[in-house]
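Here is how the chains run, residue by residue.
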Amino acid sequence: MSSGKHFHNVLCLSEAKGMDITMKKRHVMRALVAAATALALTACGSTGSSDTSKSTSTASAASTSSGSEADTENTITIPAGESVSQDSDVTAMVGVDFTTMDPMDTSDTLSGGVQRMMMDGLFGFDENMQIIPMLATSYEANDEATEYTIHLREGVSFTDGTPWNADALIANVNKWADKSLGLKRTTFLCNVLDHAEKIDDYTVKIYLSQSFGAFISNLAHPATLIMSPKQIEAGEDACAQAPVGTGQYKFVEWVAGDHMKVELNKDWWGYDADVCGGTALADADAGFKSITFKPVAESATRVSAIQAGDAQIMWSVPTESVDTLKGDSNVSVGMGDSIAVWYFFMNTQKAPFNDVKVREAMAYAINKEAYIQVVMNGYGSVATSMVGEEVQHYKGNDPYSYDPEKAKELLKEAGYPDGFTTTLMYSNTTANQKKAEFYKQQLSEVGIDLELNGMENAVLNEKVQGADCAGADAEVDCYLSGWSTSTGDADWGLRPMLATESEPPMSFNISYYENEKVDQLLKDGLATADENKRGEIYGEVQDIVWKDLPLLCIASDKNIWATSNNITGVYLLGDGSIGMRNARMAAE
């Protein structure tokens, strides 16, 4: 065990709220700066405002993350104490169904975001996606970033009555480290976790098997949300179907394909300024009596519902409907930038995509600027890396130009002068169908026949992410999805999709990309606490992948969401997950 000099970094909520958290050592992640995008993707990774005034208890109807913009035409002010939200049942419409309620088995942004409403983590994010303390109050780490002492918040209980303490944290750490469970987030921490030691009832020391420079940022990721030890003991089905946490909301029911319902936890510790360390996380009258989430794949149906009042919250808003909703005085629209990137995955273990010339031809065959105009109605930007520009250790590269003639030449060199036929799998939302049809048209221009195979999200998840076989035997040829780096650090925007160990069913390397140098660099990036070195390492990874092209980085889009015009405090984080901690409603 290492015994380097320790440091103390107190993260008091009253100090952290609304400002950057000061880190005293370079090997602790800097405060994250990001904005939002709503991607109902398969990566929580997979992915999607206006100022809030505590003094007057007002908020724009579209609270915003850093760098985002919001509609201000239909915003309102709700005087302190006059919100009726806690007496109101609301409906929120989303584009796809949830996949699971177990954070460690979740790989989609939608599920992870709603889980955050029922379960808190040791650390979390504020509206600007800057790290704040949640169930932890402070921590110390050694210089090698192999030992972390976590101090826990007192006065907190799970909604099943179990106290939050060191024993509860250790139960969760043991689950994170248990490879035998075979959960989708198994590789998130299990390869670095050694063991956890109880120092006292509210102090736990976590020992890592190797340096892990992104540890604290990973503890803010939804995969490490804290579940009640009783529920963990009840087994994986219990965790997946009926989560129990310390959060602002309590789970009520989930009818797959139809709805999920949560209800307000009025005893949530986040309402108590004393427990929070001086400033409450939410106003006393914030939060809804209940929220019923309804998955509706048809974008037009969701838009109609928010206009008719059948839903009070919806995300994401299709770009073609933004102007219509902005023109509706009964609706408020919020919009923010994204740290998420949309990709076109290719299975590199199967012909023809095992030939880099074919993958390069694909890159030249797709007009990214046209994609932004046709698919995103101008609400987006061409991707220049696998990670968004606001992600720590981002390094941009020049996008592949649109050059169909060059694409044809490369296909001919690869032995496909007449092109080939392949299949694209994707979640069959309206937005994804539009993307898929665009790709089909573009690729047809160079002789590639792209067959479209859209399906329900749960089925897709099982077929693609749940595949337990070699890449050559996997059903997937091509795959449409995106990824939001939910830790704000490049490690989590690269390792899950590039590391050999991240191939399904362990994580999201759906390209079945295998590169020994990249594998080593990804390990090196976690083995050092020096952020300058980490930046160099992750920059090299991004350069290599830009040439190897296991996946095509297409575009980043805007997060767009809508609420009834009497609701404030709803927003999307930079990773595309929903935030409504301080949501309030005016009486009609």
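It should be emphasised that the depicted structure is a prediction, and the values quoted were computed from it without experimental measurement.

## Overview of the confidence of the model for the protein
Step number 1: Considering every residue of the protein, the mean pLDDT works out to 87; 87% of them sit at 70 or more.
Step number 2: For residues 1-45, every residue scores under 50 in pLDDT, and the model assigns this stretch 209 contacts once sequence neighbours within four places are set aside.

## Here's the deal with the sheet that holds strand β20 (residues 448-455)
Step number 1: Read from one edge to the other, the open sheet built from 6 strands follows the order β18-β22-β17-β21-β19-β20, with strand pairing classed as mixed. Looking at which strands have only one partner, the edges of the open sheet turn out to be β18 (380-382) and β20. Each adjacent strand pair in this sheet contributes to an overall mean axis angle of 30 degrees, direction not counted.
Step number 2: Relative to strand β21 (residues 478-484), strand β19 (residues 420-427) is paired through 2 bridges, and the arrangement is parallel. When the bridges of β21 are listed, M425 appears paired with Y479.

## Some details on the environment of F123
Step number 1: By secondary structure assignment, the location of F123 is in strand β6 (residues 123-125).
Step number 2: On the accessibility criterion, F123 (2% relative accessible area) is buried.
Step number 3: For the pair formed by F123 and T224, sequence separation is 101 residues and the distance between their alpha carbons is 9.1 Å.

## Concerning the pattern of salt bridges
Step number 1: Enumeration according to the criterion identifies 21 salt bridges in this entry.
Step number 2: Note that K517 is salt-bridged to E540, the shortest N-O span being 3.1 Å. A residue pair is termed long-range when its members are at least 10 positions apart, and K517 in helix α17 (residues 516-527) and E540 in helix α18 (residues 531-548) qualify at 23 residues.
Step number 3: Members of the salt-bridge network, linked through shared partners, are D102, K175 and E236.

Rules used throughout
Residues numbered from 1 in each chain as written. Predicted model: local features only at pLDDT ≥ 70, side-chain atom pairs only at ≥ 80, totals over all residues. Heavy atoms only, no water. pLDDT = per-residue confidence, 0-100. Contact = heavy atoms within 4.5 Å. Pairing = 2+ DSSP bridges. Helix = DSSP H or I, 4+ residues; strand = E, 2+ residues; numbered from the N terminus. Axes fitted to C-alpha atoms, helices over the stretch in contact; angles between N-to-C directions. Buried < 20%, exposed > 50% of the residue type's maximum accessible area, 1.4 Å probe, protein only. Salt bridge = Lys/Arg side-chain N within 4 Å of Asp/Glu carboxyl O.

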